[in-house]
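Structural characterization, general
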Amino acid sequence: MRAPTDPTIPAPEFPPGVEWLNAPFARVAQLMGRHAVLIEFWDFARINSLRTLPYVKAWNERYAGHGLAVIGVHSPGYTFGRDRATVERAVERLGVPYPVCLDTDFEVWRAFGVRGWPARYLFDRRGLLRWYHFGEGDYEGTERAIHETLLEIDADLSLPDPMEPLRPEDAPGLVMDAQTADIA
C-alpha cells in the first residue's frame, strides 16, 4: 500500500538495546542516502511469516547490489520465540542472510505501529515511508515499489522484471475456495 505523502512518515530508529543476528547492529540513519530499506516484521513460528520469507530473501538477493538493504525484525508471537538461541537456530535453518533484530519486548513493533505478522515497510533513501503491507500477498506491488525507490537512487539501473509468484496460490487475482469444516 502506498504510504501517505502528507505528512511524510520517517523511519524510526532501532532502540540501542536490541540484540542482532547476522550483524553487530544496524542503524537506519547509516543506511539512508545510499540505500532503500525494506524492514520485514516476522516470527519464525508463524506460517504467514514463513510463506512470505522466500520473497523477502529473493528481494535481498536480487536487489542488495542495487542499493536495497533488507532488515528482519523478529517479534515473537510465542514465549519460546523470546529465546535468542532458538531464534538463532531458526534464522540459520531458514537461511536468512540479512540482519535480524531481536524485538523480544516489542519496542520496534510499537515504534512502527505494526498490526500483525508479517508486516513490511519500505523506506526510500531519505528515510521516508514509501510502501507498507500487512500480512501475506501483494508481492508484485512490493517489488514494483522496490524498483521505484532504487531508480530514485540511480535512474540508470537495469532491474529485472518482478518475479513470478513463487507459489501458485500467490498469483495475483487468484480466488480460492473458502475453507470448509472437516467432516468426521
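One can find the structure itself at the top, above this paragraph.
What follows concerns the overall build of the protein chain. Scanning the protein chain from N- to C-terminus turns up 5 helices and 6 strands. Moving toward the C terminus, one meets the helices and strands of the protein chain in the order β-α-β-α-β-α-β-α-β-β-α. Taken over the C-alpha atoms alone, the protein chain extends approximately 60 × 40 × 35 Å along its principal axes. Considering the protein chain as a whole, with its 184 residues, one finds that 49% of them fall into the buried category. Restricting to contacts in the protein chain with at least 6 residues of sequence separation, those with at least 24 account for 71%. Just so you have it, the protein chain exposes about 9800 Å², and 52% of that area is on carbon and sulfur atoms.

Before going further, it helps to examine the nonpolar core. With 30 residues, the main nonpolar core has Trp59, Leu68, Val96, Leu122, Ile146 and Leu150 as its most contacted residues. Of all the secondary structure elements, the ones that give two or more residues to this core are strand E2 (36–42), helix H2 (47–63), strand E3 (68–74), helix H3 (84–94), strand E4 (100–102) and helix H5 (139–153). Ranked by the residues each element gives to this core, the list is headed by H2, at 6 residues. Once residues within four sequence positions are removed from consideration, Ile146 is found in contact with Leu38, Trp59, Tyr63, Leu68 and Leu122. The next biggest cluster of nonpolar side chains, apart from the first, holds 25 residues, and it includes Val18, Val37, Cys101 and Ala119.

Assignment of secondary structure puts Asp124 in the loop between strand E5 (119–123) and strand E6 (129–134). Given a relative accessible area of 0%, Asp124 falls into the buried group. There is a polar contact of 2.6 Å between the side chain of Asp124 and the side chain of Arg126. Ignoring any residue separated from it by four or fewer positions in sequence, one finds Asp124 in contact with Met32, His35, Ala36, Arg130, Thr149 and Glu152.

Time to look at unusual backbone geometry. Phi is mostly negative for residues that are not glycine, and the peptide bonds are mostly trans. In the segment running from Trp117 into Pro118, the intervening peptide bond is cis, with an omega of -25°. With respect to the helices, strands and loops of the structure, Pro118 is situated in the loop between helix H4 (107–112) and E5. Of note in the backbone geometry, Asn22 takes a positive phi value of approximately 65° without being a glycine. Tracing the backbone shows Asn22 in the loop between strand E1 (19–21) and helix H1 (28–31). A relative accessible area of 45% means that Asn22 is categorised as partly exposed. Notably, Phe106 is not glycine yet its phi reads approximately 60°, a positive angle. Here Phe106 falls in the buried class, since its relative accessible area comes to 17%.

All right, on to the pairing of E3 then. With 7 of 7 residues buried, E3 lies mostly within the body of the structure. The pairing of E2 with E3 spans 7 bridges and is parallel. Across the sheet, residue Leu38 finds its bridge partner in E3, namely Val70. Between the parallel elements E2 and E3, the chain passes through H2 in a crossover that is right-handed. Here E3 pairs with E4 via 3 bridges, running parallel. The partner of Gly72 across the bridge, within E4, is Val100. Following the chain from E3 across H3 to the adjacent parallel E4, one finds a crossover that is right-handed.

What counts, and where the lines are drawn
Residues numbered from 1 in each chain as written. Predicted model: local features only at pLDDT ≥ 70, side-chain atom pairs only at ≥ 80, totals over all residues. Heavy atoms only, no water. Helix = DSSP H or I, 4+ residues; strand = E, 2+ residues; numbered from the N terminus. Buried < 20%, exposed > 50% of the residue type's maximum accessible area, 1.4 Å probe, protein only. Contact = heavy atoms within 4.5 Å. Areas by Shrake-Rupley, 256 points an atom, 1.4 Å probe, with all protein chains shown as cover. Core = buried A, V, L, I, M, F, W, Y, C linked by side-chain atoms within 4.5 Å. Polar contact = N/O pair within 3.5 Å; in protein donor to acceptor, adjacent residues only side chain to side chain. Pairing = 2+ DSSP bridges. Right-handed = clockwise from strand over helix to strand, strands pointing away.

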